[in-house]
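# Descriptive structure summary
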Amino acid sequence: GVPRRRESAPVRAIAAVLSMMLLAIALPANIARAAKPAAGELGIGVEIVPTQSDNPAQLGANSELWFAIEPGQSAQRQFRIISTSDIVQSVAFELWQVTVVDGEPTIDRTTRSPSEEWVTFDPPTIALEPRARQDVTMTYTIPANTEPAVFESYLRILVSARDAPVDETPNAGVQAVIQGALAFRKSVWLGIGDAANLATDFEIQGVAGWLTDKNEKAIRVLITNTGGTPIRPTGSVQIADPLFANNTFGPFDYRMNSINPGDSAYGDAI
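Parameters and conventions
Residues numbered from 1 in each chain as written. Predicted model: local features only at pLDDT ≥ 70, side-chain atom pairs only at ≥ 80, totals over all residues. Heavy atoms only, no water. Helix = DSSP H or I, 4+ residues; strand = E, 2+ residues; numbered from the N terminus. Buried < 20%, exposed > 50% of the residue type's maximum accessible area, 1.4 Å probe, protein only. Contact = heavy atoms within 4.5 Å. Areas by Shrake-Rupley, 256 points an atom, 1.4 Å probe, with all protein chains shown as cover. Core = buried A, V, L, I, M, F, W, Y, C linked by side-chain atoms within 4.5 Å. Salt bridge = Lys/Arg side-chain N within 4 Å of Asp/Glu carboxyl O.

The next subject is the overall build of the chain. Counting its secondary structure elements, the chain contains zero helices and 18 strands. A total of 270 residues make up the chain; the buried ones form 41% of that total. Of the contacts formed within the chain by residues at least 6 apart in sequence, a portion of 71% connects residues at least 24 apart. Summing over all exposed atoms, the chain offers an accessible surface of approximately 14500 Å²; the carbon and sulfur share of this is 49%.

See below:
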């Protein structure tokens, strides 16, 4: 029958297929451009420099800004800033917190990342010449007494014209000359602890029929994060008739917000 609101009803036979996504999902490297200021057009590209490390703890090492560090140790990654502009650009770096809105990670412009106190950039700022390239070394140094933890942040790369736009009509009376600027972001994942502490694991605690607040029929999947890293599960559920194997429904997709270690959450497949 139809499940009652706020009351779960077991589904007779359900096959649940899950695919996992760690929180540290970097935005694809591409070219960012801004509207033309009077002095010229801004533009940069950002790419992660591959590492030669064979340490299995360096998760996603060749494509992501991921760091797995034991307390008292440090780790470095490099990324490359590429000018696509004909003007000199000033480049600076910030580290901001990540928040999840409707299941999607986004930058929280009200909160700097708690891990910012442990990070340095070399060089800390850049005067990027036209069509030039500059490698930047990002270093995390973790104090010895730091408790095991996981942090997700966004590296925000701020770009502006080094020189003020040229006033091409100096006799035109009172004017406002706006200097161009743009921002580029890359995801950063920091895990503090040994490899055992940073293991990713989860359990499907249960699946039940459900009627949502919008009066939609759904299958609710309850997951507990039993590992040491935050997770953001996505997956699908397929319903099968126990008497007639070919009589199936679905698969129905679902997405979930992030689940911290030790916490549980559910996702509804409508």
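There's more to say after this.
Right, let's talk about the nonpolar core for a bit. Counting residues in each nonpolar core, the largest one holds 33 residues, and the members touching the most others are Phe79, Ile81, Phe93, Met138, Tyr140 and Ile157. Tyr140 has contacts with Phe67, Ile69, Gln73, Ser74, Ala75, Leu95, Ser115, Trp118, Val119, Val188 and Leu190, leaving out every residue within four places of it along the chain.

With that out of the way, let us pick up the pattern of salt bridges. As enumerated under the stated definition, the model contains six salt bridges in all. One salt bridge in this structure joins Arg131 and Asp86, with 3.1 Å as the shortest N-O distance. Here Arg131, found in the loop between strand 10 (125-128) and strand 11 (133-141), pairs with Asp86, found in the loop between strand 6 (74-83) and strand 7 (89-101); they are 45 residues apart in sequence, far enough to count as distant. Of the residues examined, Arg131 reaches a relative accessible area of 53% and is grouped as exposed. Exposure remark for Asp86: the relative accessible area of 60% places this residue in the exposed category. Measuring nitrogen to oxygen at the nearest pair gives 2.8 Å for the salt bridge that ties Glu116 to Arg112. According to the relative accessible area criterion, Glu116 is partly exposed, its value standing at 25%.

Attention now goes to the environment of Glu129. With respect to the helices and strands, the residue Glu129 is situated in the loop between strand 10 and strand 11. Note: C-alpha distance between Glu129 and Val88 (41 residues apart in sequence) is 4.7 Å. In this structure, Glu129 is in contact with Ser83, Ile87, Val88 and Arg162, ignoring residues within four places of it in sequence.

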